[in-house]
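Each chain, written out:
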Amino acid sequence: MIAHAIETHDMCYRPGPGFELRDVSLKVRQGAIYGFLGPNGAGKTTTIQLLLGLLRPQGGSISVLGRQVPRELPRILGATGYIPERPHLYPFLTVAQAIRFHGAFYRGFDWAYAEELRRGFDLRGEAKLARLSKGEMGKLHVLLVLAQRPELLVLDEPTDGLDPVVRRDVLSALLDFCSQGAATVFISSHLVHELERICDWIGVLDRGRLVAELPMHAFKNGIKRIRLDHPPSLIGDTPFLLVSRQQSALDQVWVVRGWQPTMVQWFQGAGAEVKEIVDLDLEEGFVELLRGARTPTS
Amino acid sequence: MFKQVLVAQWQTSKLAVGLLTLLSFCIPLLAVLYGGDLAGAGRERVGDWLVAADRVAQLLPFIALLVGLLLGTLAWSADLAGRHVYALSLPLPRGLYVSMRFGAGALFATIPGAAMGLSSGIATLAVALPPGIHAYPLELALRFWLASLTVFAIIFAIAGASRRGQVITISVIGAAVTLDVVFLLFGVDYSVTAEALLLLTNWPGPLSLLTGRWALFDV
Amino acid sequence: MFRHIDPRSPIPLYVQIANRLRVAVATGEVVPATPLPSVRQLAAEIRVNPATVVQAYRELERDGIIESRHGAGTFVRELAEPKRASERQREARRLVRALVAQASSLALTREDLDHAWKNETGERP
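Parameters at a glance
- Residues numbered from 1 in each chain as written.
- Chains lettered and ligands numbered in written order.
- Predicted model: local features only at pLDDT ≥ 70, side-chain atom pairs only at ≥ 80, totals over all residues.
- Helix = DSSP H or I, 4+ residues; strand = E, 2+ residues; numbered from the N terminus.
- Buried ≥ 20, exposed ≤ 12 C-beta atoms within 10 Å, placed from the backbone.
- Contact = placed C-beta atoms within 7 Å.
- Nonpolar A, V, L, I, M, F, W, Y, C, P; charged D, E, K, R; others polar.
- Domains from an automatic or database assignment.
- Axes fitted to C-alpha atoms, helices over the stretch in contact; angles between N-to-C directions.
- Parallel < 35°, antiparallel > 145°, perpendicular 65-115°, else oblique.
- Core = buried A, V, L, I, M, F, W, Y, C linked by C-beta atoms within 7 Å.
- Pairing = 2+ DSSP bridges.
- Expected span 1.5 Å × (residues − 1).
- Arc of directions from axis to C-beta.

1. Structural notes on the overall build of chain A
A tally of regular secondary structure across chain A gives 10 helices and 15 strands. Counting only residues that meet the buried cut, chain A has 44% of its 298 residues in that class. Restricting the contact set of chain A to residue pairs at least 6 apart, pairs at least 24 apart contribute 73%.

Here it is as structure tokens:
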């Protein structure tokens, strides 16, 4: 039983000046629903392409489902369902033909499940892929990867550009599949609120570096916005991780990680008064984390 | 798996295969259209007829070229449109996938060849040849088929090459052309492209099948 | 029933789900012996991580609100009146806690709240 479905060590990729992935060390636990967050241009799609052997890294090691990339790539891909950012299926095929084509390559392709999903998603078999709406195409992608019954799902912005109804259907099918077995899901998205419901792990990528990787509850519970009066000007060692500091007209706002309620004493000891401690939701936490990662706090 | 690749590739290639098959079928028949009952015809008449038939038959290498060109690119058109992402994400070694695409395309390239062979046979039977003139339907069809396959293989390799491979190919051709221009400017009596073409089109160069005289009827 | 699950709230999702069921059971909205949806069904329906549903069910089972019968599924237990009353009180306290916190941050007094309450419920002030 392998511990990590995806594991990279100091993965590096630099196709040219102006973009670089550096020292990316991901650890995605078996059975987790891992949300990969990051602003546009951070390198999320590139990371996924590296994981699946579509690109070759310049440094570091990559292992997926316990096997090395790229040495054992066909075996990895046989157990992986991949939905790329942009549609990649052959547009001249019909839905039925696309299912037949895809299923021919995967041992254990569940034809009955594919048919059940097709009916559930209301996709007509004779419809040509070129004529499908964005939502229907999105649903077809999900159908194909779920019918593979994979051990790992790698989804690059699977619900991007889909209307809320389709998004609900897609997420439901995904979660239904997850409940049936121990599949690992690696889902990259900038729709933070969606990830908030379904992910139990979060990895944050910014400007090519992995800035944070931790369980969802730790991320949400540990990150707080603290409003202070008489804040200490000099800071030595803090029991928490200071993400950012901002001075407003009335007071100073600190964003910290790894907060425990007992840490109020530290502020009192420093002569400050804690006026308010606010929980941040995932989106706010994510924004603050990025802000902290980008500006050095002294 | 191969069946599905075949079916998918047929979807992109079927129009081209249809047109080329029709074309290949017509040419040998056109070649004999100018004929008639030549059994008792005089030398001059036979001579004229041979020349006319020859002229039509000379279209065949161009059609073989077209077969290879079209089917070689159409073999990859589906994947090129999606930048190979789908094919690269499928769980099979890249070499196996490329072989399947090649096999399907080669199979399709055989269809015009077979049509051409069939019509050559019909043409030969339909014409009463004067003594001393023989028909070479089988040889011609074989040559046509091999020529189409050769061009197909070359175009297939270029169309399916990685970005790097294609860049290298174009760079080499570009370098050769540039060199020739330089030679021309400096009055050097040597042409890289001409030499290369000579190498390719003369035996044992791969394109030698295309050059030379294509004759359905000969002495 | 779970339309108001808010992933942005600091309260963990599994707690929200468990509480919602707790209240439903305590107020009689859901009667004893009602079968609950399977983890798979509920996770897909409200679109949350299946592990979250598992955790919620586990908590409720630990607190004796629901029980799982082998092969038959998960069902609401028959709760004695004292237990239901305590659950109702728990929910009421939770509501009042939120109200008090908000009111104090807006510097509203008990009188303001009483007045508003009477207005809303139609009592004569």
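2. Side note on the overall build of chain B
The helix and strand tally for chain B stands at 8 helices and 2 strands. Within the span of chain B, comprising 219 residues, buried residues form 31% of the whole. For chain B, restricting intrachain contacts to residue pairs at least 6 apart in sequence, the fraction spanning at least 24 positions comes to 80%.

3. Topic: the interface of chain B and chain A
If you look at the interface, chain B gives 15 residues, while chain A gives 17 residues. Of all the secondary-structure elements, those providing two or more residues to the side of chain B that touches chain A are helix H1 (2-33) and helix H4 (85-89) of chain B.

4. Remarks on the interface of chain A and chain C
Between chain A and chain C, the residue contacts involve 18 residues of the former and 15 residues of the latter. If you list the elements that add at least two residues to the side of chain A that touches chain C, you get helix H6 (164-180) and helix H7 (192-198) of chain A. At 8 residues, H6(A) tops the list of elements feeding residues into the side of chain A that touches chain C. Considered class by class, the residues forming the side of chain A that touches chain C number 6 nonpolar, 5 polar and 7 charged.

5. Some points on the domain arrangement of chain A
You can read the domains of chain A as domain 1 (4-215) and domain 2 (224-279). Here the C-alpha centre of domain 2 of chain A lies 39 Å away from the C-alpha centre of domain 1 of chain A.

6. What about the packing of helix H7 (residues 163-185) of chain B against helix H8 (residues 192-201) of chain B?
Residue and element names in this part refer to chain B. One way to put it is that H7 packs onto H8 with a least axis distance of 8 Å and a crossing angle of 125°. By the criterion of interaxial angle, the relationship of H7 to H8 is oblique. Between H7 and H8, the residues in contact are Ala176, Val177, Leu179 and Asp180 and Val192, Thr193 and Ala196, respectively. Of the residues contributing to the contact of H7 with H8, the split by class is 5 nonpolar, 1 polar and 1 charged.

7. Details of the arrangement of the chains
Contacts between protein chains span 2 pairs of chains, and they are most numerous for chains A and C. Looking at chain B next to chain C, you find no contact at all, with the nearest C-alpha pair sitting 27 Å apart.

8. Details of unusual backbone geometry
All names here are of chain A. Pro70 follows Val69 through a cis peptide bond whose omega is 5°. Structurally, Pro70 can be placed in the loop between strand S6 (67-69) and helix H2 (73-78). Even without glycine at this site, Asp122 takes up a positive phi of about 60°. Locating Asp122 in the fold gives a position in the loop between helix H4 (111-120) and helix H5 (134-147).

9. Here's the deal with the nonpolar core
In terms of nonpolar packing, the biggest core is built from 149 residues, with A:Tyr34, A:Leu51, A:Leu152, A:Val154 and A:Phe186 touching the most fellow members. A total of 10 residues in this core trace back to one element, the largest contributor, which is helix H6 (residues 137-159) of chain B. With near-sequence residues (within four places) excluded, A:Leu51 lies in contact with A:Ile6, A:Ile62, A:Val64, A:Val69 and A:Val154.

10. Details of the pairing of strand S11 (residues 209-215) of chain A
All names here are of chain A. In the sheet, strand S10 (residues 201-206) pairs with S11 via 6 bridges, with the strands oriented antiparallel. The residue of S11 that forms the bridge with Ile202 is Leu214. Between the antiparallel neighbours S10 and S11 lie 2 residues, among them Arg207 with a positive phi of about 50°.

11. As for the sheet that holds strand S8 (residues 152-156) of chain A
Residue and element names in this part refer to chain A. Taken in spatial order, the 6 strands line up as S7-S8-S9-S4-S10-S11 in an open sheet, and their pairing is mixed. The two strands at the open ends of the sheet, each matched to only one other strand, are strand S7 (80-83) and S11. Adjacent strand axes in the sheet meet at a mean angle of 15°, parallel and antiparallel pairs treated alike. Relative to S8, S7 runs parallel, the two being bridged by 4 bridges.

12. Notes on the sheet that holds strand S2 (residues 66-69) of chain C
All names here are of chain C. Reading across from one edge, S1-S3-S2 is the order of the 3 strands in this open sheet, with antiparallel pairing throughout. The sheet is open, and its two edges are formed by strand S1 (35-36) and S2, each paired on a single side. Bridge count between S1 and strand S3 (residues 73-76): 2 bridges; the pairing is antiparallel. What sits directly across from Leu36, in S3, is Thr74. Strands S2 and S3 of the sheet are contacted by helix H3 (residues 50-62), whose axis makes an angle of about 105° with S2.

13. What to know about helix H2 (residues 43-57) of chain B
Residues and elements named next belong to chain B. Between its first and last C-alpha atoms H2 spans 21 Å; for 15 residues at 1.5 Å apiece the expected length is 21 Å, and the two agree. For H2, every residue scored as buried is listed here: Trp49, Leu50, Ala53 and Ala57. All buried residues of H2 project into a common sector of 105° when viewed along the axis, lining one side. Summarising the geometry of H2, the exposed residues directed more than 90 degrees from the buried face are Glu44, Gly47, Val51 and Arg55.

14. Comments concerning the environment of B:Ala194
Mapping B:Ala194 onto the fold places it in helix H8. Distance from B:Ala194 to B:Leu129, taken between C-alpha atoms, is 40 Å for residues 65 residues apart in sequence.

15. A look at the pairing of S10(A)
Counting buried residues along S10(A), 6 of its 6 residues qualify, which places the element largely inside the surrounding structure. Here S10(A) shows no split at all, with A:Trp201, A:Gly203 and A:Leu205 on one side and A:Ile202, A:Val204 and A:Asp206 on the other all buried.

16. Here's the deal with the environment of C:Asp112
Inspection of the secondary structure assignment puts C:Asp112 in helix H5 (residues 110-121). The sequence separation of C:Asp112 and C:Ala92 amounts to 20 residues, and the corresponding C-alpha distance is 20 Å.

17. So, the environment of A:Leu52
Looking at the element boundaries, A:Leu52 is found in the loop between helix H1 (44-51) and strand S5 (59-64). For A:Leu52, a count of 24 C-beta atoms within 10 Å gives the class buried. Taking C-alpha positions, A:Leu52 is 7.4 Å from A:Val69, a pair spaced 17 residues apart along the chain. The contact partners of A:Leu52, leaving out residues within four places of it in the chain, are A:Tyr82, A:Val154 and B:Ser89.

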